[in-house]
Amino acid sequence: RIHDSGLAPGPYTPYSLEHMSENTSILVLGVGNILYTDEGIGVRAVERLSAGYTFTPNVRLMDGGTLGMRLMDAIMDCDRLIVVDAVLGGDEPGAVYRLTGEDLRKSLGFNDSMHQTDLVDTLIFCELAGHRPDAVVIGMEPQDYQTLCPEVSARSAERMPLLCDAVLKEIRDAGGDWTTVPSD
C-alpha cells in the first residue's frame, strides 16, 4: 500500500503523462544520513536501484546525502525531481509514501532537523535562480533514525523492494525507463 500526498491511504497516483516524455530530464535523488540507520533509506534505495537497473539517458541517479543547498546545480539541471527519503508520516514503520506540494516537509530531507538546510528552501532558491523542477518524494516511514548504525533496520530492509518499485513507477510515469541488470 502506498500513501499518496496528504498521507491518507489510497491508490498510487501517477503524474499526468500529458507533459512527460523521454525528453524529460529526471533526477532521482537519494537523501539522508547513512550513519543513522533508517535516516539513510533514500541513499540506500538509490544504491540498490543503481546496482540493479540500467536507465535511459534522461534518468540520472544521485546520492545527495545531506548536501542541502549544494544540490542546487543538480536540481536546477532536471525537469522532474524524484527525492527518495525517510518520511515521518505517522504510519507504521515500512509504510511507503508519495508526497507532493506542502506535504514535502514530512520528508526528513525537507525538514531542518538533520540536514544543513531543508530541500524546500533549496527548491525555493532554485526557483529564484530561474528553474524549479516539479518535485515528488517517494519515502518510507523509518523504524529507527536515531541509532548510529550504517545499516537500515530489518523492517526497512524487508520493505526496500516496495520503495524501489514505487520509485521505478515514478520514473516510468515521468518519461524514463529501465532494464534489469542481469545477475551473475
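Refer to the structure above for everything that follows.
What you see is a predicted model; the values in this text were computed from it and never measured.

Rules behind the numbers
- Residues numbered from 1 in each chain as written.
- Predicted model: local features only at pLDDT ≥ 70, side-chain atom pairs only at ≥ 80, totals over all residues.
- Heavy atoms only, no water.
- Helix = DSSP H or I, 4+ residues; strand = E, 2+ residues; numbered from the N terminus.
- Buried < 20%, exposed > 50% of the residue type's maximum accessible area, 1.4 Å probe, protein only.
- Contact = heavy atoms within 4.5 Å.
- Salt bridge = Lys/Arg side-chain N within 4 Å of Asp/Glu carboxyl O.
- Phe/Tyr/Trp six-rings, centres within 6.5 Å; stacked < 30°, edge-to-face > 60°.
- Lys NZ or Arg CZ within 6 Å of the ring centre and 35° of its normal.
- Expected span 1.5 Å × (residues − 1).
- Core = buried A, V, L, I, M, F, W, Y, C linked by side-chain atoms within 4.5 Å.
- Axes fitted to C-alpha atoms, helices over the stretch in contact; angles between N-to-C directions.
- Parallel < 35°, antiparallel > 145°, perpendicular 65-115°, else oblique.
- Left-handed = near helix turned anticlockwise from the far one by under 90°.

> Explanation requested: the environment of Thr 54 in the structure shown.
Here Thr 54 lies in strand β3 (residues 53-55). On the basis of relative accessibility, which here comes to 45%, the residue Thr 54 falls in the partly exposed class. Apart from residues no more than four positions distant in its own chain, Thr 54 is found in contact with Asp 177, Trp 178, Thr 179 and Val 181.

> Would you explain the pattern of salt bridges in this entry?
According to the stated counting rule, one finds seven salt bridges in the structure shown. Of the charged contacts, one joins Glu 158 and Arg 155 as a salt bridge, the two residues approaching to 2.7 Å between their closest N and O atoms. Taken as a pair, Glu 158 and Arg 155 lie in helix α4 (residues 154-173) at a separation of three residues, close to a single helical turn. The class of Arg 155 is partly exposed, set by a relative accessible area of 23%. Between Asp 177 and Arg 172 there is a salt bridge; the shortest N-O distance is 2.6 Å. For Asp 177, a relative accessible area of 31% gives the class partly exposed. With a relative accessible area of 44%, Arg 172 lands in the partly exposed category.

> It is not clear to me how the packing of aromatic side chains should be interpreted in this structure. Could you clarify?
Aromatic ring pairs are reported here in terms of the distance separating the ring centres and the angle at which the planes meet. Applying the stated criterion across every chain yields a total of two aromatic pairs. Ring geometry for Tyr 53 and Phe 55: centres 6.2 Å apart, planes at 45°, overall tilted. Arranged with centres 6.4 Å apart and planes meeting at 90°, the rings of Tyr 53 and Trp 178 form a pair that is edge-to-face. Of this pair, Tyr 53 sits in strand β3 while Trp 178 sits in strand β8 (residues 178-180), placing them 125 residues apart in sequence. According to the relative accessible area criterion, Trp 178 is buried, its value standing at 17%. Positioned above the aromatic ring of Trp 178, the side-chain terminus of Arg 172 is 4.0 Å from the ring centre.

> What is the right way to look at helix α1 (residues 41-52) in this model?
In a regular helix each residue adds 1.5 Å, so 12 residues correspond to 16 Å; α1 covers 16 Å between its end C-alpha atoms and thus fits that length. For α1, the set of buried residues is Ile 41, Gly 42, Val 43, Ala 45, Val 46, Leu 49 and Gly 52.

> Explain the nonpolar core here, please?
A general trend in soluble globular proteins is that nonpolar side chains are found buried together. One finds Val 28, Ile 82, Ile 138, Leu 163, Val 167 and Ile 171 to be the most contacted residues of the largest nonpolar core, which totals 25 residues. Looking at this core, the elements that each hand over two or more residues are β2 (26-31), α1, β5 (80-86), β7 (134-140) and α4. If you tally residues by element for this core, the top one is α4, at seven residues. For Val 167, the contacting residues outside a window of four places in its chain are Val 28, Leu 49, Ile 82, Val 84 and Ile 138. Core analysis: the second largest hydrophobic core is formed by 18 residues, Leu 29, Val 83, Ala 95 and Leu 123 among them.

> Whenever I open this one, the packing of α1 against α4 confuses me. Can you help?
The relative placement of two packed helices is expressed as an angle between their axes plus a distance between the axes. As a packed pair, α1 and α4 sit with axes 10 Å apart at the nearest point and diverge in direction by 70°. When the interaxial angle is binned, α1 and α4 end up roughly perpendicular. Crossing handedness for the pair α1 and α4: right-handed. Between α1 and α4, the residues in contact are Ile 41, Arg 44, Ala 45, Arg 48 and Leu 49 and Ser 156, Met 160, Pro 161, Leu 163, Cys 164, Val 167 and Leu 168, respectively.

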